[in-house]
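# Descriptive structure summary
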Amino acid sequence: MSTPAEKFTSRDTDPDISAIDSIFQAQQRTALEWRRSTAAERISRIKRLLALVQDNSERIYQAAYADFRKPETEVDISEIMPVVAEARKNIKKLKRWMKPMRVRPTATTLGTKAWVQHEPRGVSLIISPWNYPLNLSFMPLVSALGAGCPAIIKPSEMTPNMSALMRELIESAFDPSEVAVIEGDVRASQALLSLPFDHIFFTGSPAVGKIVMKAAAEHLTSVTLELGGKSPVIVDQTANVKRAAESIAWGKFCNNGQTCIAPDYLYVHESVHDEFVAAAAKQINTFYGDNPEASADYCRIVNERHHDRIHGLMQDAVNQGARLAHGGQSNDDERFIAPTLLTNVPKDARIMQEEIFGPLLPILTYRSLDDVLEHINANEKPLALYLFTKDKGTMQRVMSTTSAGSTGINTNMVQYLHGNLPFGGVNNSGIGNAHGHWGFKAFSHERSVVQDKFSMTKIFNPPYTDFVKKMVKLTVNHAA
Ligand code: NAD
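Residues numbered from 1 in each chain as written. Predicted model: local features only at pLDDT ≥ 70, side-chain atom pairs only at ≥ 80, totals over all residues. Heavy atoms only, no water.

Further remarks concern the overall build of the protein. Secondary structure summary: the protein contains 16 helices and 18 strands in total. In terms of overall dimensions, the protein is globule-like: its C-alpha atoms have a radius of gyration of 25 Å, near the 23 Å expected for 480 residues. Projecting the C-alpha coordinates of the protein onto the three principal axes gives extents of approximately 80 × 60 × 35 Å. Taken over 480 residues, the protein has a buried fraction of 54%. Across the protein, the fraction of contacts at a sequence separation of at least 24, relative to all contacts at a separation of at least 6, is 74%. Only carbon and sulfur atoms are counted for the fraction: they give 52% of the accessible area of the protein, which is about 21800 Å². (Helix = DSSP H or I, 4+ residues; strand = E, 2+ residues; numbered from the N terminus. Rg over C-alpha atoms; globule rule 2.2 N^0.38 Å. Buried < 20%, exposed > 50% of the residue type's maximum accessible area, 1.4 Å probe, protein only. Contact = heavy atoms within 4.5 Å. Areas by Shrake-Rupley, 256 points an atom, 1.4 Å probe, with all protein chains shown as cover.)

On to the sheet that holds strand S8 (residues 232-235). The strand order S10-S13-S14-S9-S8-S15-S16 describes an open sheet built from 7 strands, whose pairing is mixed. Both edges of this open sheet fall to strand S10 (323-326) and strand S16 (406-409), since each of them pairs with a single strand only. Within this sheet the neighbouring strands show an average axis-to-axis angle of 25°, counted without direction. Bridge count between S8 and strand S15 (residues 384-388): 3 bridges; the pairing is parallel. Note on S15: the bridge partner recorded for Ile234 is Leu387. Against the sheet, helix H12 (residues 369-378) contacts S8, strand S9 (265-269), strand S14 (360-366) and S15, and its axis sits at roughly 175° relative to S8. Taken strand by strand, helix H13 (residues 392-401) contacts S8, S15 and S16, and its axis lies near 165° from that of S15. (Pairing = 2+ DSSP bridges. Axes fitted to C-alpha atoms, helices over the stretch in contact; angles between N-to-C directions.)

Let us look at the site of the ligand. The environment of the ligand is made up of 28 residues, and the closest members are Lys154, Glu157, Ser205, Leu227 and Glu355. Gly204 places a main-chain nitrogen or oxygen 3.3 Å from an oxygen atom of the ligand. At 2.7 Å, a side-chain N or O of Ser205 approaches an oxygen atom of the ligand. For the ligand, whose accessible area on its own is 850 Å², the fraction buried by protein is 91%. Considering only residue class, the shell around the ligand consists of 16 nonpolar, 8 polar and 4 charged. Viewed by domain, the shell around the ligand spans two of them, domain 1 (17-227) and domain 2 (232-424), each represented by three or more residues. (Near = heavy atom within 4 Å. Polar contact = N/O pair within 3.5 Å; in protein donor to acceptor, adjacent residues only side chain to side chain. Nonpolar A, V, L, I, M, F, W, Y, C, P; charged D, E, K, R; others polar. Domains from an automatic or database assignment.)

Averaged over the protein, the pLDDT score is 95; the fraction of residues at 70 or greater is 96%. Element-level mean pLDDT values for the protein span from 89 in helix H16 (residues 466-478) up to 99 in strand S6 (residues 199-203). With pLDDT under 50 throughout, residues 1-13 is counted as low confidence; its partners more than four residues away or in other chains account for 39 contacts. (pLDDT = per-residue confidence, 0-100.)

Under the 1.5 Å per step criterion, the end-to-end length of helix H3 (residues 57-68) is 17 Å for 12 residues, consistent within 8% with the ideal 16 Å. Turning to H3, its buried residues number three or more, namely Ile60, Tyr61, Ala63, Ala64, Asp67 and Phe68. One side of H3 holds all its buried residues, which, seen down the axis, span an arc of 165°. Against helix H2 (39-55), helix H4 (72-98) and helix H6 (160-173) lie the buried residues of H3. Arg69 occupies a position one or two residues after H3 and carries a positive phi of about 55°. (Expected span 1.5 Å × (residues − 1). Arc of directions from axis to C-beta.)

Attention shifts here to the pattern of salt bridges. One pass over the structure, following the stated rule, counts 15 salt bridges. Across the pair Arg447 and Glu119 runs a salt bridge whose closest N-O atoms are separated by 2.6 Å. Linking Arg447 in strand S18 (residues 444-452) with Glu119 in strand S2 (residues 112-120), this pair joins segments that are 328 residues apart in sequence. Residue Arg350 pairs with Glu354 through a salt bridge whose shortest N-O separation is 3.8 Å. Of the residues examined, Arg350 reaches a relative accessible area of 37% and is grouped as partly exposed. Judged by its relative accessible area of 26%, Glu354 falls in the partly exposed class. (Salt bridge = Lys/Arg side-chain N within 4 Å of Asp/Glu carboxyl O.)

In a pair of packed helices, the angle between the axes and the distance between the axes together describe the arrangement. Two elements in contact, H3 and H6, have axes separated by 7 Å at closest approach and are oriented at 150°. With respect to each other, H3 and H6 are oriented roughly antiparallel. Counting all contacts with H3, which are made through Arg59, Ile60, Ala63, Ala64, Ala66 and Asp67, the residues of H6 involved are Pro160, Asn161, Met162, Leu165 and Glu168. (Parallel < 35°, antiparallel > 145°, perpendicular 65-115°, else oblique.)

In many reports, interface size means the accessible area that the parts give up when they come together. For the protein, the assigned domains are domain 1 (17-227) and domain 2 (232-424). Domain 1 and domain 2 are separated by 31 Å when their C-alpha centres are compared. In this complex, domain 1 contributes 19 residues to the contact, which on the side of domain 2 involves 26 residues. The contact between domain 1 and domain 2 buries some 1800 Å² in all, and 52% of this surface belongs to carbon and sulfur atoms. Its largest share of buried area at the contact with domain 2, domain 1 owes to Phe68, Arg69 and Trp130, together 29% of the area lost on that side. Residue Glu334 is joined to Arg69 by a salt bridge in which the shortest nitrogen-to-oxygen separation is 2.8 Å. Here domain 1 and domain 2 share 10 residue pairs in polar contact (both at pLDDT 80 or more) between them. Listing elements by their share of the side of domain 1 that touches domain 2, those giving two or more residues are H3, H4 and helix H5 (135-147). (Buried area = accessible area lost by both parts, 1.4 Å probe.)

Turning our eyes to something else, we now look at the environment of Ala215. Summarising the element assignment, Ala215 is placed in helix H8 (residues 206-219). Residue Ala215 is classed as buried on the basis of its relative accessible area, which comes to 17%. Between the alpha carbons of Ala215 and Leu193 there is a distance of 6.1 Å; along the sequence they are 22 residues apart.

Here we come to helix H11 (residues 304-319). Across its 16 residues, H11 extends 22 Å between first and last C-alpha, which sits within 8% of the 22 Å expected from 1.5 Å per residue. For H11, the complete set of buried residues consists of His306, His307, Ile310, Leu313, Met314, Asp316 and Ala317. In this structure, the buried side of H11 is in contact with S10, strand S11 (330-331), strand S12 (336-337), strand S13 (340-343) and S14. Phi turns positive, to about 110°, at Gly321, one or two residues after H11.

Set out below in structure tokens:
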């Protein structure tokens, strides 16, 4: 890196707008240099990031605990492991991904050589949410570095310990002209969003996703939007109920339900409903004991505002006739709500209208799969849709009649950890994909290149003689 190492600072809740501008300008110079960067250079940057994560795991555990009492093992599984895996995958595959992709000539372009070249999009902005703060900042950063893009990260103000740690770590290993972390709330986001970034990678709610996309439109900046919404689960009458209950209880209550692809609500076939509720309640006890408040493995709701919001959703559902089939206890001082199963939930209760993002699981029953599919299709396309069944026909039917960012069949959440799958939503749940090769592509522009060798296209030139007309007609008839 030949850009002079200038040092910039920004204050956490009071963003220094002029620092943002100078960092941005420095990154613009870096972006021009990094257009020429080799795979080895990009890999060395990813290795720097990987070492930061691996060498500082104790501090990462401490920050996650301080923010919302997240247990160490969940930090390992959901914060550290995905970043390490993403970095290693890039280190292994980057050379291959960067290779220009040759394509064959078509009838009209015979005599040319053509290929697709991946070029870095340029200066990138990564805005991340609080629920997996390290993962959702550093995974896209790996992709940005792999694609040859400098980046500014704007982590969430709601997990201040992790945001401060990420900033400290990044400042210890990268010059701000390469990678910078700007802490702060919506004002920092707004200051950043006013700049003509080459790409914005945003992870957060659909509501803020719309704000980001509007701001990006001002500069025609490309976007990847990793959003959220309500992710439904269907458990049919052929499902292995015990295994379904175990899988769903894990997916729903790890990170206290604060996961974008956590099961939001369930449709359970009426013939297995009671069996399912009993199995899920038993599973919750197995995971967190009779008193989940005392469990070291059950983290907390991130802040008071979200605690009150989730508590309000539970109260509203109960007031409208829902039954607390399990859990329901809470402690405001501790931002604790027990893992809770709700049955008899009316569809117009607020809990069925907004993304829950907390430890409440509404369980609806159904008799006809048609009704379930109709309800799912009447709502926004979900980030994830899960299906528990042994019936192949049901699998095919659900897959061919619905749309979702991703689907787990007889499992949930693990699609996120599968490094060979793209991760993203569709429309309201997101635009574009992340992870592995898809992450590399998100931060790359696919540039078409055609090189003339002995092409015949000049035979189409004017004047349009009878011969030219004949040749054009012939080509039109054989165009492919
Ligand atoms: P959020 O949209 O409130 O905030 C995300 C980021 O945007 C934060 O850094 C925040 O400071 C910033 N922000 C907030 N308001 C803004 C505004 N008006 N203008 C510009 N920036 C603004 O989301 P959150 O509460 O942090 O996270 C929860 C949401 O994120 C849920 O909807 C969840 O489903 C979604 N999510 C999606 C994924 C995914 O990969 N698809 C992953 C995690 C979370």
